[in-house]
Amino acid sequence: MDNSLRGVTRRHLLASAAALPILAATADGRTISGNLPWSPFAGAPPRPVNPLGWYFFTPVEAATVEAIVERLIPADQLSPSGKECGCAIFIDRQLAGAFGQASRLYTKGPFRQGLPTQGYQGDLAPAGRYRLGLQALNEYTNTTYKKDFRALSAEQQDEVLAGMDGSKIKLNLKPGFSTKEFFELVLQNTMEGFFADPLYGGNKNMAGWKMIGFPGARYDYRDHIDKRNVPYPRGPVSIYGMEG
Amino acid sequence: MARVLPKRDAVIIGLGWTGSILAQQLTDAGLNVVALERGPWRDTATDFNIAYMQDELRYAIRKDLFLKPSVEAMTMRNNAGQTALPMRDYGSFLPGDGVGGAGVHWNGQTWRFWDSDFSIKTHLTQRYGAAKIRGLQLQDWGVTWDEIEHSFDQYEYICGTSGKAGNIKGQIQPGGNPFESPRSRDYPNPPLRMPYASTLFAEKMRELGHHPFPLPSSNLSRAYVNPLGIRMGECTFCGFCERFACGNYSKASAQTTILPVLMKKPNFELRTDSEVLKVNLTPDGKMARSVTFLDAQGVEYEQPADVVAVCAYALMNVRMMLLSKIGTQYDPVTGKGTVGRNYCYQTSAGARLMFDDKHFNPFIGAGALGQTIDDFQGDGFDHSKLDFVGGAGISCTVSNGRPISNRPTVPGSPRWGAKWKQATVDGYQNSMGFGSQGSSYPVRENYLDLDPTYTDRHGRPLLRITFDFPDNDVRMSHYMSEQLEKLTKPFNAKYTAVARLQKGWNSVPYQSTHNTGGAIMGTDPTTSAVNKYLQSWDVPNVFVVGASAFAHNAGMNPTGTVGALAYWAAEAITTKYIKSPGALVPA
């Protein structure tokens, strides 16, 4: 330890401060000193998806996923179906983007069979898992029913989905990626599509939120916080200002 | 070759809660400080925008504000007989990223650990005898309650914590927590207004003879100006708190309480997108001379400094010490070595109640909004006839009704299809819950070290977590589940479900971002990595600040104690170390 800490002088501080602009000019990392940085329009608002066309799915895959989400969330008096609410479009856009590529995850090898407590250990990102899983699903239904999944009756589709959910059906996937895991991935993404903000392509007209009474992107409930057992009176709003 | 930058008085690794507190206090004392932050600059107006922060998919599900495993992952296993594999996504816990760190997306629960926590071994041994804690590596923290109380006070006033004191200088206060250790004064702000579920919980607990109180919250109950002159807003109960940043300036974070003052100081500099690779020691290994870091373009720099403060997340602090060879790796076989020792977590259970005729409006919530009973907390109740030590706070918090993750149904309901829809509609408004957040006590076989196989993007070994719930803690948690059963009775709910903890910690479902230990404080350099001032026993110009210093974890959220330890360490540096650099406690 030298003496610099013992005698921190005004000259010392000024000398250090004077050195800062030089450092800032030579460093590639962002260097901030002397102010609280702010710049206009620096936020990163989400971009609403364009609902037309398919970005990731092939026509057969798209029809298969539409058939699946139609059964996971069937139409009734509570809400339109998962397909009508845009869940398949939602999943398509998610798979075409960062989620589908697992771009934020740890994807270095070696890939080994893990224990249930260690989570997914396969080498396929979600996009690859859908591609493989949908193909295997249609192979299974063609073997069993001589038809693609989308051509089955609603009862048969439910039978296949329940078999996947209950691990009674084994699709031809690959080690480290089970049929149950494929089902859980599709179910999770379908629910995301039904309940996420409509800007992502699902939850059309905020149908998922209306079904349960979730007010969406409202941000201030001070007028209702301490009301006892009183339903919240207002309908939902979305991030881009849709009101329902 | 690394480019060598001009020497600083102090370099701080990580600008989250602890880094910001140290930077503020050290610059106030006249030191010339640089902070190196791996992630980006983030501030409320630009990055926590009130127009689109309420986006469950982006922030809660896709984890936009969290550390990416592609940047730093960890491996895990339940015991040394298993092969650790990488958590390819974070699940059980979610470390933070960028300026503000995990303090951006925390809930705001601001607890003080108890006097009996800081001297836990002495306390339990005196009360029950040494045999009671055999098999547990419980040890005193080195600092005492009387020494550190003012640091808790300092942190609460910076945060604007809203609550009700239960014990002011030994005088029990009605409406507060009668079990808390004596505090010097009340919280800076009154408690938040309470939602229906929490109010109902408090009524029932009072009927049962327990002692409910509003849990201490750094979601502010009113507008407030903190001691640094920074203005904060009133919480609006938006229901987008944990996993989100606050768009209202009403949740305490480095951004809302310290940075507006710190960033304007001429003797402070922040470098963002700058990842510290290691602390460089002198050839004899007895002093730190600099840190090596990479900027966003991969250019390597060396930053010399007289003091190095390691202020990353608890787990990253431990990894930084191991990568820098500060101290000796703990060995669970021999019990020797200190870095990686006493890794602890949190041991929880929960109750869910469903009714026919209630409107709980679960979406009207805040991260730290609710009522708690501490009647089964820590050693606040007699353990002499029980087969465990430790305890849990039992809280009814209402944090959110975000529907992708939070739509409870009656147990056994279908998870898709028409019947799922009806069950979801029935459950969403009619459901409330409360849970026990239990202590986690250290055992020899739970520890942290470097993984032998998996590496990060720079080729450095990942941290390896070897952890399972110790038998003592499982017994504690099962006892809490039995209490939860009793506590649910007076509600006369239509359905009641109480969870019981299973052995075999699962890294996938979210549990708690309360990882503690690994670089613990203590009185003995053979059983602790840092002394009572969070100063490395081995390299005295290195201070390691955060929950890494916890010698065990209590049944409370850790951030209040983390903040207090940061003020405590900063005070030691500015009032003791600067005047006489060297070991503050003789080894």
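Thresholds applied
Residues numbered from 1 in each chain as written. Chains lettered and ligands numbered in written order. Predicted model: local features only at pLDDT ≥ 70, side-chain atom pairs only at ≥ 80, totals over all residues. Heavy atoms only, no water. Helix = DSSP H or I, 4+ residues; strand = E, 2+ residues; numbered from the N terminus. Buried < 20%, exposed > 50% of the residue type's maximum accessible area, 1.4 Å probe, protein only. Contact = heavy atoms within 4.5 Å. Rg over C-alpha atoms; globule rule 2.2 N^0.38 Å. Areas by Shrake-Rupley, 256 points an atom, 1.4 Å probe, with all protein chains shown as cover. Pairing = 2+ DSSP bridges. Buried area = accessible area lost by both parts, 1.4 Å probe. Salt bridge = Lys/Arg side-chain N within 4 Å of Asp/Glu carboxyl O. Polar contact = N/O pair within 3.5 Å; in protein donor to acceptor, adjacent residues only side chain to side chain. Phe/Tyr/Trp six-rings, centres within 6.5 Å; stacked < 30°, edge-to-face > 60°. Axes fitted to C-alpha atoms, helices over the stretch in contact; angles between N-to-C directions. Parallel < 35°, antiparallel > 145°, perpendicular 65-115°, else oblique. Left-handed = near helix turned anticlockwise from the far one by under 90°. pLDDT = per-residue confidence, 0-100. Core = buried A, V, L, I, M, F, W, Y, C linked by side-chain atoms within 4.5 Å.

Draft legend 1. Just the overall build of chain A, in detail. Of the regular secondary structure elements, chain A holds eight helices and one strand. For chain A, the sequential pattern of α-helices and β-strands runs α-β-α-α-α-α-α-α-α. By residue count, 45% of the 244 residues in chain A fall in the buried class. Counting only contacts in chain A whose residues sit at least 6 apart along the sequence, the fraction spanning at least 24 positions is 58%.

Draft legend 2. Looking closely at the overall build of chain B. When helices and strands are counted, chain B shows 13 helices and 24 strands. For 587 residues, the compact-globule formula gives about 25 Å, and the C-alpha radius of gyration of chain B, at 23 Å, lands near that figure. With the C-alpha coordinates of chain B rotated into their principal frame, the extents come out at 70 × 55 × 50 Å. Across the 587 residues in chain B, those meeting the buried criterion constitute 70%. Restricting the contact set of chain B to residue pairs at least 6 apart, pairs at least 24 apart contribute 75%. A total of about 17900 Å² of accessible surface is found on chain B, and carbon and sulfur atoms cover 51% of it.

Draft legend 3. Fine view of the sheet that holds strand S4 (residues 74-77) of chain B. Residue and element names in this part refer to chain B. Ordered by their spatial adjacency, four strands build an open sheet running S5-S4-S21-S20, and the pairing between neighbours is mixed. The outermost strands of the open sheet, each flanked by one partner alone, are strand S5 (85-86) and strand S20 (447-455). Sheet topology note: the S4/S5 ladder contains two bridges and is antiparallel. Paired with Met-76 across the bridge in S5 is Leu-85.

Draft legend 4. Here's a closer look at the interface of chain B and chain A. Facing the 116 residues of chain B at the interface are 103 residues of chain A. For the pairing of chain B and chain A, the buried interface totals around 8800 Å² over both sides, and the portion due to carbon and sulfur atoms is 58%. Among the residues chain B hides against chain A, the three largest losses belong to B:Arg88, B:Trp416 and B:Lys421. Together they make up 10% of the total. Our count for the contact surface shared by chain B and chain A stands at eight salt bridges. Residue A:Glu192 is joined to B:Arg62 by a salt bridge in which the shortest nitrogen-to-oxygen separation is 2.6 Å. Across the chain B-chain A interface, the total number found is 47 residue pairs in polar contact (both at pLDDT 80 or more). Take the side of chain B that touches chain A: its biggest share by element is seven residues, from helix H11 (residues 418-428) of chain B.

Draft legend 5. Region of interest: the packing of aromatic side chains. Scanning the entire structure with this criterion turns up 46 aromatic pairs over all chains. Measuring from centroid to centroid gives 5.5 Å for A:Phe56 and A:Phe57, while their planes differ by 65 degrees, and the two rings are edge-to-face. Seen from their ring centres, B:Phe113 and B:Trp141 are 5.9 Å apart, and the 75 degrees between their planes marks the pair as edge-to-face. With B:Phe113 in the loop between S5 and helix H4 (115-118) and B:Trp141 in the loop between helix H5 (120-128) and helix H6 (145-159), the pair connects residues that are 28 residues apart, well separated along the chain. On the basis of relative accessible area, B:Phe113 is assigned to the buried category, the value being 0%. The class for B:Trp141 is buried, based on a relative accessible area of 0%. Each residue in the set B:Tyr90, B:Phe93, B:Tyr343, B:Tyr345, B:Phe467, B:Phe469 and B:Trp505 is aromatic and connected to the rest through ring pairs, giving one cluster.

Draft legend 6. The pattern of salt bridges, seen in detail. Residues and elements named next belong to chain B. For the coordinates displayed, the defined rule picks out 46 salt bridges over all chains. Here Glu-269 makes a salt bridge to Arg-8, at a shortest N to O gap of 2.4 Å. One end of the pair, Glu-269, is in strand S11 (residues 268-272); the other, Arg-8, is in strand S2 (residues 8-13), with 261 residues separating them in the sequence. Note that Arg-185 is salt-bridged to Asp-153, the shortest N-O span being 2.7 Å.

Draft legend 7. Main features of the packing of helix H2 (residues 59-72) of chain A against helix H6 (residues 154-165) of chain A. Residues and elements named next belong to chain A. Packing of H2 against H6 brings their axes to within 10 Å, and their N-to-C directions diverge by 85 degrees. When the axis of H2 is compared with that of H6, the two are roughly perpendicular. The segment H2 lies against H6, with Ala-67, Ile-68, Arg-71 and Leu-72 engaging Ala-154, Gln-157, Asp-158 and Leu-161.

Draft legend 8. Region of the structure containing the side chain of B:Arg402. As for its position among the elements, B:Arg402 is in the loop between strand S18 (392-397) and H11. Classification of B:Arg402 by relative accessible area gives buried; the value is 5%. There is a polar contact of 2.9 Å between the side chain of B:Arg402 and the backbone oxygen of B:Gly239. In this structure the side chain of B:Arg402 is engaged in a polar contact, spanning 2.7 Å, whose partner is the side chain of B:Glu242. If we ignore the near neighbours within four places in the chain, the residues touching B:Arg402 are A:Phe214, B:Glu56, B:Ala60, B:Gly239, B:Phe240, B:Cys241, B:Glu242 and B:Phe244.

Draft legend 9. Main features of the packing of H6(B) against helix H13 (residues 559-577) of chain B. Residues and elements named next belong to chain B. Close contact between H6 and H13 brings their axes to 8 Å; oriented N to C, the two are set at 115 degrees. The orientation of H6 relative to H13 falls into the category roughly perpendicular. Where H6 crosses over H13, the handedness of that crossing is right-handed. Where H6 approaches H13, its residues Glu-147, Ile-148, His-150, Ser-151, Phe-152, Gln-154, Tyr-155 and Ile-158 are matched on the opposing element by Thr-559, Gly-560, Thr-561, Gly-563, Ala-564, Leu-565, Tyr-567, Trp-568 and Glu-571.

Draft legend 10. Representation of the confidence of the model for chain A. Chain-level pLDDT for chain A is 89 on average; 88% of the residues reach the 70-or-more range. Low pLDDT, under 50, characterises residues 1-28 of chain A; the stretch is placed with 49 contacts to residues that sit more than four places away or in other chains.

Draft legend 11. Up close: the nonpolar core. Core analysis: the largest hydrophobic core is formed by 122 residues, its most contacted members being B:Val279, B:Leu315 and B:Ile465. Per-element accounting of this core gives the leading share, eleven residues, to H13(B). The contact partners of B:Leu315, leaving out residues within four places of it in the chain, are B:Met74, B:Phe93, B:Tyr343, B:Leu448, B:Leu463, B:Ile465 and B:Asn515. Among the nonpolar cores identified, the runner-up in size contains 79 residues, and A:Leu161, A:Leu185, B:Leu57 and B:Ile404 belong to it.

Draft legend 12. A look at the environment of B:Thr347. Residues and elements named next belong to chain B. Structurally, the position occupied by Thr-347 is in strand S16 (residues 347-354). The exposure class assigned to Thr-347 is buried, which follows from its relative accessible area of 1%. Apart from the residues within four sequence positions on either side, Thr-347 is in contact with Ser-436, Gln-437, Gly-438, Ser-439, Ser-440, Phe-469, Asp-473, Met-476, Ser-477 and Leu-501.

Draft legend 13. Broad picture of the sheet that holds strand S19 (residues 431-438) of chain B. Residues and elements named next belong to chain B. The strand order S8-S17-S18-S19-S16-S22 describes an open sheet built from six strands, whose pairing is antiparallel. A single partner strand is all that each edge strand has here, and the edge strands are strand S8 (213-214) and strand S22 (495-498). Here S18 pairs with S19 via four bridges, running antiparallel. Residue pairing in the sheet places Ala-392 in a bridge with Gly-438 of S19. Packing against the sheet, helix H7 (residues 196-207) makes contact with strand S17 (370-373), S18 and S19, and its axis sits at approximately 25 degrees to S17.

Draft legend 14. Region of the structure containing the pairing of strand S12 (residues 275-281) of chain B. All names here are of chain B. Taken across its seven residues, S12 has six buried, putting it largely inside the fold. Looking at chain direction, S12 and strand S13 (residues 288-294) are connected through six bridges and run antiparallel. Each bridged residue has a counterpart across the sheet, and for Val-276 the counterpart in S13 is Phe-293.

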